[in-house]
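# Survey of secondary and tertiary structure
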Amino acid sequence: GDNHASSAFFRQLRQIAKEADVAMIVDEVQTGCGATGKMWAHEHWDLSHPPDIVTFSKRMQIGGYYLSRGRPQPYGRIFNTWLGDLAHLAVTRAALKHIRENDLIKQCNEAGTVLQSGFKALEEKYPTLLTKARGLGPFTAIDGCTPEIRDKLCHEMRQKGILQFIIFCDFC
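A brief structural summary. Note that the structure is a prediction, hence the values are computed from the model and not measured.

### Focus on the sheet that holds strand E2 (residues 53-56)
- If you walk across this open sheet you meet the 3 strands as E1-E2-E3, and the pairing is mixed. Every interior strand has two partners, whereas the edge strands, strand E1 (25-27) and strand E3 (64-67), have only one. In this sheet, adjacent strand axes meet at a mean angle of 20 degrees when their direction is disregarded.
- Relative to E3, E2 runs antiparallel, the two sharing 4 bridges. Paired with Val54 across the bridge in E3 is Tyr66.

### Quick word on the pattern of salt bridges
- Inspection of every chain in the model, using the stated rule, returns 6 salt bridges.
- The salt bridge involving Glu101 is made with Lys97; its shortest N-O contact spans 3.8 Å. Taken together, the positions of Glu101 and Lys97, both in helix H2 (residues 86-101) and 4 residues apart, correspond to about one turn of that helix.
- The exposure class of Lys97 is partly exposed, given its relative accessible area of 44%.
- A salt bridge links Lys152 to Glu156, with the shortest nitrogen-to-oxygen separation between them at 3.8 Å. Highlighted residues: Lys152 and Glu156, both in helix H4 (residues 147-159), separated by 4 residues, approximately one helical turn.

### Topic: the nonpolar core
- Counting residues in each nonpolar core, the largest one holds 9 residues, listed as Cys33, Met39, Trp40, Val54, Phe56, Met60, Ile62, Ile99 and Ile105.
- Among residues more than four places away in sequence, those in contact with Val54 are Val26, Glu28, Trp40, His42, Gly64, Tyr65 and Tyr66.
- Listed in part, the 6 residues of the second largest apolar core include Phe10, Val26, Trp45 and Leu47.

Cut-offs applied
- Every chain's residues receive numbers from 1 upward, in the order its sequence appears when written.
- Reporting in this predicted model follows two pLDDT cut-offs: at least 70 for local features of residues, and 80 or more for side-chain atom pairs to be given and counted; totals over whole chains, interfaces and linings ignore these cut-offs and use all residues.
- The side-chain values count all of the structure's non-hydrogen atoms but skip hydrogen atoms and water molecules.
- When DSSP finds two or more bridges between a pair of strands, those strands are recorded as paired.
- Helix and strand assignments come from DSSP, with helices taken as H or I runs of at least 4 residues and strands as E runs of at least 2, each series counted from the N terminus.
- Here the axes come from fitting lines to C-alpha atoms, over the contacting stretch only for helices, and the angles between their N-to-C directions go from 0 to 180 degrees.
- A pair is scored as a salt bridge if a Lys or Arg side-chain nitrogen falls within 4 Å of a carboxyl oxygen belonging to Asp or Glu.
- Exposure is judged per residue with a 1.4 Å probe applied to protein chains only, and the accessible area is read against the type maximum: over 50% gives exposed, under 20% gives buried, and values in between give partly exposed.
- In plain words, nonpolar cores are sets of buried Ala, Val, Leu, Ile, Met, Phe, Trp, Tyr and Cys residues tied together by side-chain atoms within 4.5 Å.
- The contact definition used throughout considers only heavy atoms, calling two residues in contact when any of these lie within 4.5 Å.

Okay, structure coming up:
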C-alpha cells in the first residue's frame, strides 16, 4: 500500500537538512499536481522552509524540478519519461491553466474527503476484511487484513469491471 511518513517526520528532516547544510529533495512525481488535494504534497507538512529541490513528472505532462534557491550545473536540460520538448512544455502550461481556471485542486480535495470517509466507514463496517485506511486528499490507500482477503477483493473488483487504483498489500 501507500504508506505516508508523518508531517512531523518531514519537519524534523527539514531541520536536519538545514543544520547539516544539505539539500532537502522532495520527489513529487506521484504526489504533485493536486494528487493529494494540494498542488504539492509537501504543502501538507507545514515546513519551516520549503524543500530545496522538488522533482515532478507524470500529471505535469513533463518531468523536471524546481529549486527554492540556486541553479544546478549543467543547466537547461529537461529530464522526463518522454525526454522533454517544447510541445510538452506547452501541454503543461495548458494543463496548469485548466487546473487554475476550474479550481481542480479544490475539487480534488473535496473528492478526497469523500473517498477517505468512505474508506474509513468500510473499515469500521468490515474490520475483519479491511484495515489502515489512510491518505492525503484522493491519494488514498486501504489494506486487506490478509494476503488472501486482498487477493480475493482484487479479483472480485476486476471481475466486476471496477478500475483498480487501490493496491492492497499490507496485512494485519
